[in-house]
Amino acid sequence: MTIATTNCLLRMYDEHHEIEDYQSGVPRWCTGCGDNAILAAVQRLCRDENLRPEKTVFVSGIGCSSRFPHYMKTYGFHGIHGRALPVAEGIKMARPDLNVFVNTGDGDCCSIGAAHWIHAIRYNMNMTVMLHDNQIYGLTKMQASPTSPQGLKSNTTPRGSYLEPLQPLTVTLGVQNVSFVAQAVDWIPEVLYDIISAAFHHRGLSFVRIIQRCPEWLPKLYEPWLQDPQKILLLNHEQGIQVSANLAKVYKNLESHDPSNLNRAREISSVVDPIPVGILYRNPDVPCYEDLRHAGQPRSRNFIKAGLEAEFDKFTVWPGAAEKRGQAV
Ligand SMILES: Cc1ncc(C[n+]2csc(CCOP(=O)(O)OP(=O)(O)O)c2C)c(N)n1
Ligand code: SF4
Ligand SMILES: [Mg+2]
């Protein structure tokens, strides 16, 4: 065997990844928490796509779901409550070559981070955003979130929440430049995987709302949907996800939905029973902000330093400057 062949084989070995290559630590989520299913799907995707760990980054805010980057053996940023999206946008702007994933909770994204959410949709930077929507603040022990069901009794709503829940899909579909919106549930792993995979392959911001069970604070919330597969509406289309024959034997409530149909996507987005699952909307032609701004162009250290110094100089008070202007010191 020549040295060149040996090097080539060694490189192939180094560049091949098993699922263990993406696993890090032991998740501290409760038994039965839907976050475990999301983690399993994402690690499988990384393995199947053979993503280079050093070219992949997971960004989160604060919450149970935001512990996600700790369990991925890639780069990660466990950030500030509500601020996952601007951090991810900054990363994408500096390094458009990286695979950027965002994991955010319903409190993180739809409450404290709501402003960032709206603008991130409009900027449409190429990243996969997973909204872990358990309809409660899990980490801080059961306060109502904007997506909590009306009437839910929680620590912050002891008499039951007064307002109708915010619908994350409807909101997202109302923002200019929206390019990919999907919904998954944590308890159908095959479809969860297919949706996250389609989101990853979409160029632009893909927003995936995942209905995620929190057995600790809302153990019974999704029991009716788990018991009755008719209460799931699977969106089936050659441009969306294609439901397998085996799955269709159990989940018989199917709708052929073309994801380029924005008006129908908006109608579907506000349906809560049955729960629509699949790709609601996809438009590959929306421009990405990083392309418009030619992000990631190599800039030397000296170039960056000179730029920073020029900015700081604007605010520098030079010794003797006041005397020169004839003012008393
Ligand atoms: C600025 C700020 N405000 C409030 C908190 C407290 N806090 C931490 S996590 C959280 C809510 C988390 O809920 P969610 O985003 O739905 O995540 P989950 O735990 O349900 O996955 C809150 C209010 C904080 N850490 N920082
Ligand atoms: S409290 Fe709820 S969301 Fe948090 S880890 Fe436990 S089950 Fe999951
Ligand atoms: Mg939550």
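Residues numbered from 1 in each chain as written. Chains lettered and ligands numbered in written order. Predicted model: local features only at pLDDT ≥ 70, side-chain atom pairs only at ≥ 80, totals over all residues. Heavy atoms only, no water.

1. With respect to the coordination of the magnesium ion (ligand 3)
So, step 1. Within the protein, the magnesium ion (ligand 3) binds to Asp106 (OD), Asn134 (OD1) and Ile136 (O); these donor distances fall in the range 2.1 to 2.2 Å.
So, step 2. Each donor residue of the magnesium ion (ligand 3) belongs to the same chain, with the gaps between them written as D-x27-N-x1-I.
So, step 3. You can call isoleucine 136 buried: its relative accessible area is 2%. (Donors = N, O, S within 2.8 Å, 3.2 Å for Na, K, Ca; no water. Buried < 20%, exposed > 50% of the residue type's maximum accessible area, 1.4 Å probe, protein only.)

2. Some words on the packing of helix α2 (residues 34-48) against helix α7 (residues 189-201)
So, step 1. Between α2 and α7, the shortest axis-to-axis distance is 9 Å and the interhelical angle comes to 55°. Viewed along their axes, α2 and α7 adopt a mutual orientation that is oblique. The handedness of the crossing between α2 and α7 comes out as right-handed. The segment α2 lies against α7, with Ala37, Ile38, Ala41, Val42, Arg44, Leu45 and Asp48 engaging Leu192, Tyr193, Ile196, Ser197 and Phe200. (Axes fitted to C-alpha atoms, helices over the stretch in contact; angles between N-to-C directions. Helix = DSSP H or I, 4+ residues; strand = E, 2+ residues; numbered from the N terminus. Parallel < 35°, antiparallel > 145°, perpendicular 65-115°, else oblique. Left-handed = near helix turned anticlockwise from the far one by under 90°. Contact = heavy atoms within 4.5 Å.)

3. A look at the sheet that holds strand β5 (residues 180-185)
Strand pairing in a sheet relies on backbone hydrogen bonds. The paired strands run either parallel or antiparallel.
So, step 1. If you walk across this open sheet you meet the nine strands as β2-β1-β3-β4-β6-β5-β9-β7-β8, and the pairing is mixed. A strand with exactly one partner marks an edge of an open sheet, and here the two such strands are β2 (75-78) and β8 (254-256). Adjacent strand axes in the sheet meet at a mean angle of 20° when their direction is disregarded.
So, step 2. Bridging between strand β1 (residues 56-60) and β2 involves four bridges; their strand directions are parallel. Residue serine 60 lies in a different strand from β2, and its bridge partner there is histidine 78.
So, step 3. Those strands touched by α2 are β1, β3 (99-105), β4 (127-133) and β6 (205-211), and its axis lies near 160° from that of β4. (Pairing = 2+ DSSP bridges.)

4. Digging into the packing of aromatic side chains
So, step 1. Scanning all chains against the criterion turns up nine aromatic pairs.
So, step 2. An angle of 40° between the planes, with centres 6.2 Å apart, marks the rings of tryptophan 29 and phenylalanine 68 as tilted. Remark: phenylalanine 68 occurs in the loop between β1 and β2 and tryptophan 29 occurs in the loop between α1 (3-15) and α2; sequence separation between them is 39 residues. The burial state of tryptophan 29 is the same as that of phenylalanine 68; both residues are buried.
So, step 3. Of note, arginine 44 hangs over the ring of tyrosine 193, and the distance from its end group to the ring centre comes to 3.6 Å.
So, step 4. The positively charged end of lysine 231 is found above the aromatic ring belonging to tryptophan 225, 4.6 Å away from the centroid. (Phe/Tyr/Trp six-rings, centres within 6.5 Å; stacked < 30°, edge-to-face > 60°. Lys NZ or Arg CZ within 6 Å of the ring centre and 35° of its normal.)

5. Concerning the site of ligand 2
So, step 1. Every residue near ligand 2 is listed here: Trp29, Cys30, Cys33, Cys64, Asn134, Gln212, Cys214, Pro215, Glu216 and Trp217.
So, step 2. A breakdown of the residues in the shell around ligand 2 according to their chemical character gives seven nonpolar, two polar and one charged. (Near = heavy atom within 4 Å. Nonpolar A, V, L, I, M, F, W, Y, C, P; charged D, E, K, R; others polar.)

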